Amino acid sequence: MKEPDAAVLRELIDRIEVYHADKKSKMRKITIVYNLVGAFDFTRAIQEACDTTQKQKKTA
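All figures in this text were calculated on a predicted structure; none of them were measured in a lab.

(A) Representation of the overall build of the protein chain within the structure. From N to C terminus, the protein chain includes 2 helices and 3 strands. Along the first, second and third principal axes, the C-alpha atoms of the protein chain reach 45 × 40 × 20 Å. When each of the 60 residues of the protein chain is scored for burial, the buried share is 3%. Summed over all atoms, the accessible surface of the protein chain reaches about 6,000 Å², with 57% contributed by carbon and sulfur. Between the averaged position of the 12 positive side-chain charges in the protein chain and that of its 9 negative side-chain charges there is a distance of 8 Å.

(B) Focus on the packing of aromatic side chains. Per the stated rule, a full pass over the model turns up 0 aromatic pairs. The cationic tip of Lys 29 hangs over the ring face of Tyr 19; the distance from NZ or CZ to the ring centre is 5.1 Å.

(C) Examining the sheet that holds strand β3 (residues 38–39) more closely. With antiparallel pairing, 3 strands are arranged side by side in an open sheet as β1-β2-β3. Lying at the two open borders of the sheet, with one neighbouring strand each, are β1 (13–18) and β3. Where β1 meets strand β2 (residues 30–34), 5 bridges bridge the pair, whose relative direction is antiparallel. Residue pairing across strands places Val 18 opposite Ile 30, the latter belonging to β2.

(D) Highlighting the pairing of β2. Here β2 shows one buried face, formed by Thr 31 and Val 33, and one open face, formed by Ile 30, Ile 32 and Tyr 34. By the bridge criterion, 2 bridges tie β2 to β3 in an arrangement that is antiparallel. What sits directly across from Val 33, in β3, is Ala 39. In sequence, β2 turns back onto β3 through a hairpin of 3 residues, with Leu 36 there showing a positive phi of about 70 degrees.

Calculation notes
- Residues numbered from 1 in each chain as written.
- Predicted model: local features only at pLDDT ≥ 70, side-chain atom pairs only at ≥ 80, totals over all residues.
- Heavy atoms only, no water.
- Helix = DSSP H or I, 4+ residues; strand = E, 2+ residues; numbered from the N terminus.
- Buried < 20%, exposed > 50% of the residue type's maximum accessible area, 1.4 Å probe, protein only.
- Areas by Shrake-Rupley, 256 points an atom, 1.4 Å probe, with all protein chains shown as cover.
- Lys, Arg positive; Asp, Glu negative; His and termini not counted.
- Charge placed at Lys NZ, Arg CZ, Asp CG, Glu CD.
- Phe/Tyr/Trp six-rings, centres within 6.5 Å; stacked < 30°, edge-to-face > 60°.
- Lys NZ or Arg CZ within 6 Å of the ring centre and 35° of its normal.
- Pairing = 2+ DSSP bridges.

Quick look at the structure:
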């Protein structure tokens, strides 16, 4: 599946939490809470994957 449709998203996502915008940066925090997984921190997961890749390159 290249792009999930609305029905698939409704099954995967429990809720989306949207917080108030920061007045200075005009950015807002958005948290997606998935069914069976909970809130998933993509930033942390990406960083851990990068760290693992760098460690593998050093040992190779």
